[in-house]
Amino acid sequence: MPQFGCRLPHTAGPATPPLPSPPGETGPSDRDLVRAALAPPATADPLARETAARELADRHDAEVMAYAARCTTTTAAAELLRTSAQRTAAQSFLRDDDCAWRPHLLNTVLHTAAAWSGADARRHLVPDLLTWLEGSRGEIPVPVPADDDTSDVPLLVAAFRRLPGRLQTVLWHVFVEGEDLTLAARCTGSGTAVVRRWTETVEDEFRAVYGRLYEESVPPRCRPYSRLVLTTARTGADQPVRGAGELAGHVQGCEGCTRAFRDLSRLHTGQWAPLLAQELLPWGGRQYRQERAGQRLLPEVRAAAGPHKPLPWHGEHRLWWAALAVAAVLAATGAGLMATGAPDPVATTRTARTGEHADKWNSWTRSSPPRPGDLTDVAASTPPPKPKPSRPSRAGEPSPSGKPAPPARLDLAQAGLRWDFRTWGSRPKDTSSFDRPGEYHGYVDWRPDREGSVWFDGKSHVQTTRAVLDTSRSFTVSAWARPVPGGGAHTVAAQDGANVSGFLLQYSGADNRWRMTMGDADSPDAARDEVRSLGPPALDGWQHLTAVYDAGKRQLRLYVNGTLQGTDSHTSAWRANGPFTVGRGQRGGAGADLFQGYLDDVRVFQDALGPSQIEDLASAGHNR
């Protein structure tokens, strides 16, 4: 079965990943990461390879898994289909001149499913897909490089492939899937400002390339009408309205010109994205995009308008953090990137030190695909991962109805607790609608900084009388902090269990980083998952911290000043039923890691806030 982009001789990438960019600049693109993940094991740093695989998974796994789940009958089969396609796609991706990773991988998933349909593994494919494959005889259009024959490829797909890979990435992520410019910037290895400029012209370039391909490919009998088709399609009409009945008659009798007129009309009216999804994924592509639309409120035209958050990538710190996070995984598995052996599609291996799921990342370290026919037919007990939750439409962006959406702001009244420390007293006042006051323990001092904040001397804290959060469910905790330099850990916020805190948002003096951490059980010896900041705290100024636990994704996220620092998986779900605390954590049933410095505006939400909402928290004025 031909694969997406398998045309040019393979040339091995560098032995190690590309050098990280300085903080604040762009990071590695998808192509850089795939090249690093496929670097020869004999010369490459295994941690660097694992780092690259992990970042690629963070960017794309949930979406690709959602499409694989549409094709298969069980969660285990969907995971195996995604993993098998991923190995094939990674190598063919580097043989192509230039293409976008996400649609390349999705297309390879469909080709892998087609290969399954002729083997014992067909029993793992959904009946609708099998019926479609039998009708199409496995002839799935494959996007091809620009210098290849495009006669058997839909013109829309051929035009898409003629564009540089960075523009393909922008078209797919921003216009087809409606994702934020930040992800497109990460995938292209570019800055958000650059990607925003590309969005202003990429549709025009897409139309121009399509028009050239159409004129180059039409047979002699169509050439007298080709220019008229191009001109008339600019009106966006469903059928020709110019050129009298001659053009209309020709278009109606010519399948190629009919398709070209339809495509060009949609390209001029901004209605091309569903069609491109369907052409690239001829089975289930439109439905895949519709599901994404439900998650992300996809606009049909000019998705890139309006403000966007800064790029959450800071080069060496992110790479170093990810390398540390996967060290235990690599040590536990001992698997090289191209190691052989069939994976167990259901079982996962959990390491004691980091709590990471080795199976997720080690899917990149297996070169020999498992035999699909040997897959245990296990019914899915839980639904497959869904696409990442969407942010609300931002100011200036059109809603699905085509009308501009109002500015998306966080409703601060949603907070389950808010201590803004605006006024001094013996107890901090909860200004949320839940009225959950706290009680000071030890010496604290009210200061006028930020229109009211509290100084903790390293021996004091404040806590509620009972639990505020259900730590087994999604939650978000944010605060403004200004710590005093020093060793040890300084806890900003936590919630007590019987023995240890259910979560910790704190400053780690040992490595001079902010961190969010959660343990697997109410025990000091339980494995812990954690996310650390990319850089050291600004000890001479205030910083806004946000810790998120997303139970749906089983993921921890940490933000500093509204910018994502990193993520980590967390699958345990125990509930800490003790008081919510600010200024201390808990270890061995006693207070620990008390904070020294200033704290202000602590907020708690029983939900996993999205990136735009966290931006709103970080940008909100004092005591608002």
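Residues numbered from 1 in each chain as written. Predicted model: local features only at pLDDT ≥ 70, side-chain atom pairs only at ≥ 80, totals over all residues. Heavy atoms only, no water.

1. Notes on the pattern of salt bridges
Step number 1: Applying the stated criterion to the full structure yields 25 salt bridges.
Step number 2: Close ionic contact of E134 with R122 constitutes a salt bridge, the shortest N to O distance being 3.1 Å. Residue E134 is found in helix α5 (residues 127-136), and its partner R122 is found in the loop between α4 (101-116) and α5; the two are separated by twelve residues along the sequence.
Step number 3: The class of E134 is exposed, set by a relative accessible area of 51%. (Salt bridge = Lys/Arg side-chain N within 4 Å of Asp/Glu carboxyl O. Helix = DSSP H or I, 4+ residues; strand = E, 2+ residues; numbered from the N terminus. Buried < 20%, exposed > 50% of the residue type's maximum accessible area, 1.4 Å probe, protein only.)

2. Overview of the packing of aromatic side chains
Step number 1: Enumeration over the complete set of coordinates arrives at twelve aromatic pairs.
Step number 2: Between F206 and W272 the ring centres are 5.5 Å apart and the planes differ by 85°, which places this aromatic pair in the edge-to-face class. Taken together, the positions of F206 in helix α9 (residues 192-217) and W272 in the loop between α12 (255-269) and α13 (273-280) put the pair 66 residues apart, joining distant regions of the chain.
Step number 3: Owing to a relative accessible area of 1%, W272 belongs among the buried residues under this scheme.
Step number 4: Among the aromatic side chains, those forming a connected cluster through ring pairs are F160, F175, F206 and W272. (Phe/Tyr/Trp six-rings, centres within 6.5 Å; stacked < 30°, edge-to-face > 60°.)

3. Concerning the sheet that holds strand β5 (residues 461-463)
Step number 1: Strand order in the open sheet formed by seven strands is β2-β5-β14-β7-β8-β9-β10, and the pairing between neighbours is antiparallel. Looking at which strands have only one partner, the edges of the open sheet turn out to be β2 (439-441) and β10 (528-532). Averaged over all neighbouring strand pairs, the angle between strand axes comes to 20°, with direction disregarded.
Step number 2: Both β5 and strand β14 (residues 580-582) contribute to a ladder of two bridges, which runs antiparallel. (Pairing = 2+ DSSP bridges. Axes fitted to C-alpha atoms, helices over the stretch in contact; angles between N-to-C directions.)

4. Structural notes on helix α3 (residues 75-95)
Step number 1: The end-to-end C-alpha distance of α3 is 31 Å, a good match for the 30 Å that 21 residues give at a rise of 1.5 Å each.
Step number 2: By the criterion of burial, α3 is predominantly enclosed, with 17 of the 21 residues buried. (Expected span 1.5 Å × (residues − 1).)

5. Side note on the pairing of strand β11 (residues 543-550)
In summary, the side chains of a regular strand alternate between the two faces of the sheet.
Step number 1: Taken across its eight residues, β11 has eight buried, putting it largely inside the fold.
Step number 2: Burial along β11 is two-sided: Q543, L545, A547 and Y549 facing one way and H544, T546, V548 and D550 facing the other are all buried.
Step number 3: Bridging between β11 and strand β12 (residues 555-560) involves six bridges; their strand directions are antiparallel. Bridge pairing links V548 to R557 in β12.
Step number 4: Taking the residues that link successive antiparallel strands as the turn, the β11-β12 hairpin has four residues, and the phi of R554 there is positive, at about 55°.

6. Concerning the pairing of strand β7 (residues 489-496)
Step number 1: Summarising burial for β7: eight of the eight residues are buried, a large majority.
Step number 2: Two successive antiparallel strands, β7 and strand β8 (residues 501-508), enclose a turn made up of four residues.
Step number 3: Relative to β14, β7 is paired through three bridges, and the arrangement is antiparallel. Counted as the bridge partner of Q495 is F580 from β14.

7. Notes on unusual backbone geometry
Step number 1: Located in the positive-phi region is D435, a residue other than glycine, with phi close to 50°.
Step number 2: Relative to the helices and strands, D435 is located in the loop between β1 (417-419) and β2.
Step number 3: A relative accessible area of 55% means that D435 is categorised as exposed.
Step number 4: If you check the backbone angles, E451 has positive phi at about 60° while not being a glycine.
Step number 5: Structurally, E451 can be placed in the loop between β3 (444-447) and β4 (453-457).

8. Some words on the side chain of R513
Step number 1: Turning to its location among the elements, R513 is positioned in strand β9 (residues 513-519).
Step number 2: Within the local environment of R513, its side chain forms a polar contact with the backbone oxygen of S533, the two atoms lying 3.4 Å apart. (Polar contact = N/O pair within 3.5 Å; in protein donor to acceptor, adjacent residues only side chain to side chain.)

9. Focus: the packing of helix α8 (residues 181-188) against α9
Step number 1: Where α8 meets α9, the axes come as close as 9 Å, and the angle between the chain directions of the two elements is 105°. Taken as axis vectors, α8 and α9 run roughly perpendicular relative to one another. Counting all contacts with α8, which are made through L181, T182, A184, A185 and T188, the residues of α9 involved are T192, V195, R196, W198 and T199.
Step number 2: Of the residues contributing to the contact of α8 with α9, the split by class is five nonpolar, four polar and one charged. (Parallel < 35°, antiparallel > 145°, perpendicular 65-115°, else oblique. Contact = heavy atoms within 4.5 Å. Nonpolar A, V, L, I, M, F, W, Y, C, P; charged D, E, K, R; others polar.)

10. Here's the deal with α12
Step number 1: In this model α12 runs 21 Å from its N-terminal to its C-terminal C-alpha over 15 residues, within 8% of the 21 Å that 1.5 Å per residue would give.
Step number 2: Every buried residue of α12 is accounted for by C257, A260, F261, D263, L264, S265 and L267.
Step number 3: Positive backbone phi, approximately 75°, marks G270, located one or two places after α12.

11. Considerations on the side chain of S572
Step number 1: The residue S572 is located in the loop between β13 (563-569) and β14 in this model.
Step number 2: At 2.5 Å, the side chain of S572 forms a polar contact with the backbone oxygen of D520.
Step number 3: Apart from residues lying up to four places away in sequence, S572 is in contact with G519, D520, A521 and Y549.

12. Notes on the environment of H461
Step number 1: Relative to the elements of secondary structure, H461 occurs in strand β5.
Step number 2: Sequence separation between H461 and Y440 is 21 residues; the distance between their C-alpha atoms is 6.0 Å.
Step number 3: Residues in contact with H461, not counting those within four places in the same chain, are E439, Y440, H441, F456, V582, G583 and R584.
Step number 4: Polar side-chain contacts of H461 include one of 3.0 Å to the side chain of Q463.
Step number 5: In this structure the side chain of H461 is engaged in a polar contact, spanning 3.2 Å, whose partner is the side chain of R584.

13. Re the confidence of the model for the protein
Step number 1: Of the residues in the protein, 70% have a pLDDT of 70 or more, and the chain-wide mean is 74.
Step number 2: Looking across the protein, the model is least confident in helix α15 (residues 316-333), with a mean pLDDT of 33, and most confident in β14, with 96.
Step number 3: The low-confidence segment residues 144-150 (pLDDT under 50) makes twelve contacts with residues lying over four places distant or belonging to another chain.
Step number 4: Confidence drops under pLDDT 50 across residues 296-408; counting only partners more than four residues distant or on other chains, this segment forms 296 contacts. (pLDDT = per-residue confidence, 0-100.)

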